[in-house]
Amino acid sequence: MRRILSRFVAILAFSCSLRTYAAPIVVNLPQPAAGFAVSNTGGVATIDADSTVTLFPKISTGDIANPVSKTVGNKLLAITWKAVARNGYFLVLSQADQSLYILDDKTLNVVKAIPFPNAVYSLAAPASPEAAFALVAHPEASSTNGDGGISRVNLATLSLQGKLQGVLGHERPSLAISRDGSHLYSQDKSTTASWAVTVYQLSDLVATRTASNSRPSGAYLPDATGQHIATGIFLLRADGHGASIKLDISPVAFFPDRPLMVGLAGDKLEIASANSYKTLDTVQIPRDTTPRPATPRSVRSGSTGPCVLCDTANNAVLVCRDDRVVVASLADLKLPSEPFLYARIEGPRELQVGKPATIRITPLDPTATITLAAAPPAARFADGQAPPPNPEG
């Protein structure tokens with residue numbers, strides 16, 4: 001009896017140590033989709049390969065009833081969501097009529113259609129609402145009606161500004177932009193083994209090349225701070241220079257509102273900290289047993305396989321492919337609540353002995369606090385207070 005009781009206690013203790021998660025929801029869409037985007041209210045918009053844009057406002061709850069569908073352009077290439085001041089838009093790129101459609105993110109009504117004189121290929125927009133523009137890439141002249149280059153669309157005035165100056169042409173360019181819009185990554189999968197990536201610093205219509213790399217690890221993925229870009233399991237500085245940081249995971253998405261990055265390894269979602277770069281938790285998602293063609297999910301990214309989106313409104317990760325969306329809630333993961341631990345440092349890079357210097361440190365997240373562990377005796381904060389004394393003298 002004592003042995004049975006001890007086994008029962010051991011089993012009970014083991015069971016209590018297991019964490020219980022809400023099982024991911026599998027949502028089957030009415031039609032396969034060629035591209036996906038999610039708004040800041042949780043609405044997921046899809047495009048087909050023809051001319052239909054469909055909005056599912058409550059897909060994270062598993063509810064796909066009463067979707068909004070609109071016919072837009074023809075031969076749709078890419079879709080992304082973009083915030084501009086207080087407005088939200090779905091941007092849709094159409095190949096057949098060489099136009100960018102700007103749609104209201106609640107109704108899918110066309111706010112403006114921006115036509116281009118030449119063929120279009122890919123689309124990107126910075127995540128920050130203050131960076132009110134989008135970029136559209138054109139294939140090189142070897143393609144039908146192609147002349148290469150990248151056009152900039154002003155989303156504040158809803159008008160075509162013109163083409164970027166200083167950009168090299170790519171035959172099949174896909175684009176990515178840093179969160180603040182300061183850096184552009186024009187990339188072309190020139191071979192099956194590597195990506196040819198050119199990094200530019202942007203200033204309105206002027207693009208200044210800062211780096212060119214060939215990365216076998218994958219395309220560049222900008223992080224949520226504008227400070228870094230991820231490629232495979234490495235994190236690089238936004239300008240493409242500096243030493244790389246090795247990560248626990250290979251990020252496929254970054255949460256824009258909290259320091260979390262998401263990886264996808266087979267049927268396992270990996271959630272890691274964007275502050276410490278360490279894995280925090282994993283979520284097993286239902287296996288997709290349907291055969292899928294190995295074709296790019298969107299020329300906007302050039303990637304194959306599922307499209308992974310961060311639904312900030314519902315604290316969930318969406319794994320999207322064809323007619324299947326897996327909704328994985330993060331509510332039960334007990335993830336730490338912390339600000340982005342990044343700061344902008346402004347001031348002289350070199351100091352002269354006996355000459356005062358001012359260095360400004362601005363945290364990216366206003367809820368983050370800055371403390372100075374040690375400094376020279378003459379150092380002072382802006383309010384005149386002295387920092388703590390250096391324990392090492």
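Quick caveat, the model's predicted, so the values are computed rather than measured.

Attention now moves to the overall build of the protein. Broken down by element type, the protein carries 1 helix and 29 strands. Put simply, the protein has 393 residues, and 43% of those count as buried. Excluding contacts between residues fewer than 6 apart, the proportion of contacts in the protein whose partners are at least 24 apart in sequence is 45%. Split by element, the accessible area of the protein, about 20,400 Å² in all, is 53% carbon and sulfur.

Now for the pattern of salt bridges. If you walk through the whole model with that rule in mind, you get 4 salt bridges. A salt bridge links Asp105 to Lys106, with the nearest nitrogen and oxygen atoms 3.3 Å apart.

Taken in spatial order, the 3 strands line up as E1-E27-E26 in an open sheet, and their pairing is antiparallel. Each edge of the open sheet is held by one strand with a lone partner, namely strand E1 (25-33) and strand E26 (307-311). This sheet shows a mean twist of 35° between the axes of neighbouring strands, independent of strand direction. For E26 and strand E27 (residues 316-329), the ladder comprises 5 bridges, and the chain directions are antiparallel. By the bridge assignment for E27, Leu309 is matched with Leu318.

With that settled, the discussion passes to a nonpolar patch on the surface. A grouping of Ile345, Leu351, Ile359, Ile361 and Ile370 is seen on the molecular surface, where their side chains present a nonpolar patch of about 500 Å² in accessible area. Counting through the fold element by element, Ile370 comes out in the segment after strand E29 (360-363).

Turning our attention to the confidence of the model for the protein. Per-residue confidence for the protein averages 84 on the pLDDT scale, and 84% of its residues sit at or above 70. Within the protein, the lowest mean pLDDT, 41, falls on helix H1 (residues 2-17), and the highest, 98, falls on strand E8 (residues 99-104). Considering only residues more than four positions removed or in separate chains, one finds that residues 1-18, a stretch of pLDDT under 50, has 0 contacts. Confidence drops under a pLDDT of 50 for residues 295-303, and excluding neighbours within four residues, the segment shows 32 contacts in the predicted structure.

Another aspect to go through is the pairing of strand E20 (residues 234-237). As paired strands, strand E19 (residues 228-231) and E20 are joined by 4 bridges and run antiparallel to one another. Residue His228 lies in a different strand from E20, and its bridge partner there is Arg237. Taken together, E19 and the strand that follows it, E20, pair antiparallel across an intervening segment of 2 residues, in which Gly232 is found at a positive phi of about 60°. Where E20 meets strand E21 (residues 245-246), 2 bridges bridge the pair, whose relative direction is antiparallel. Looking at the pairing, Phe234 lines up with Lys246 of E21.

Looking now at the environment of Ile370. Residue class for Ile370 comes out partly exposed when judged on its relative accessible area of 45%. Along the primary structure Ile370 and Leu341 are separated by 29 residues, whereas in three dimensions their C-alpha atoms are 9.5 Å apart.

Strand direction decides the pairing type here: strand E24 (residues 268-273) and strand E25 (residues 279-284), joined by 5 bridges, are antiparallel. Its bridge partner lying in E25, Ala272 is registered against Thr279. Following E24, the chain reverses through 5 residues before pairing antiparallel with E25; Tyr277 in that reversal takes a positive phi of roughly 65°.

A few words now on unusual backbone geometry. A negative phi angle is the norm for most residues apart from glycine, just as the trans form is the norm for most peptide bonds. For Lys75, which is not glycine, the phi dihedral falls at a positive 55°. Within the fold, Lys75 resides in the loop between strand E5 (68-71) and strand E6 (76-84).

Another point: the nonpolar core. Counting 18 residues, the largest nonpolar core has Leu91, Leu100 and Leu123 as its most contacted members. Put simply, the parts of the chain that give this core at least two residues each are E6, strand E7 (87-94), E8 and strand E11 (133-137). Look past the residues within four positions of Leu91 in its chain and what remains in contact with it is Ala78, Ile79, Thr80, Lys82, Leu100, Tyr101, Ile102, Leu123, Ala125, Ala134 and Leu155. Counting residues in each nonpolar core, the second largest holds 17 residues, with Leu260, Ile285, Cys310 and Val317 among its members.

Definitions and cut-offs
Residues numbered from 1 in each chain as written. Predicted model: local features only at pLDDT ≥ 70, side-chain atom pairs only at ≥ 80, totals over all residues. Heavy atoms only, no water. Helix = DSSP H or I, 4+ residues; strand = E, 2+ residues; numbered from the N terminus. Buried < 20%, exposed > 50% of the residue type's maximum accessible area, 1.4 Å probe, protein only. Contact = heavy atoms within 4.5 Å. Areas by Shrake-Rupley, 256 points an atom, 1.4 Å probe, with all protein chains shown as cover. Salt bridge = Lys/Arg side-chain N within 4 Å of Asp/Glu carboxyl O. Pairing = 2+ DSSP bridges. Axes fitted to C-alpha atoms, helices over the stretch in contact; angles between N-to-C directions. Patch = residues over 30% accessible without salt bridge, like charges linked within 9 Å, V, L, I, M, F, W, Y side chains within 5 Å. pLDDT = per-residue confidence, 0-100. Core = buried A, V, L, I, M, F, W, Y, C linked by side-chain atoms within 4.5 Å.

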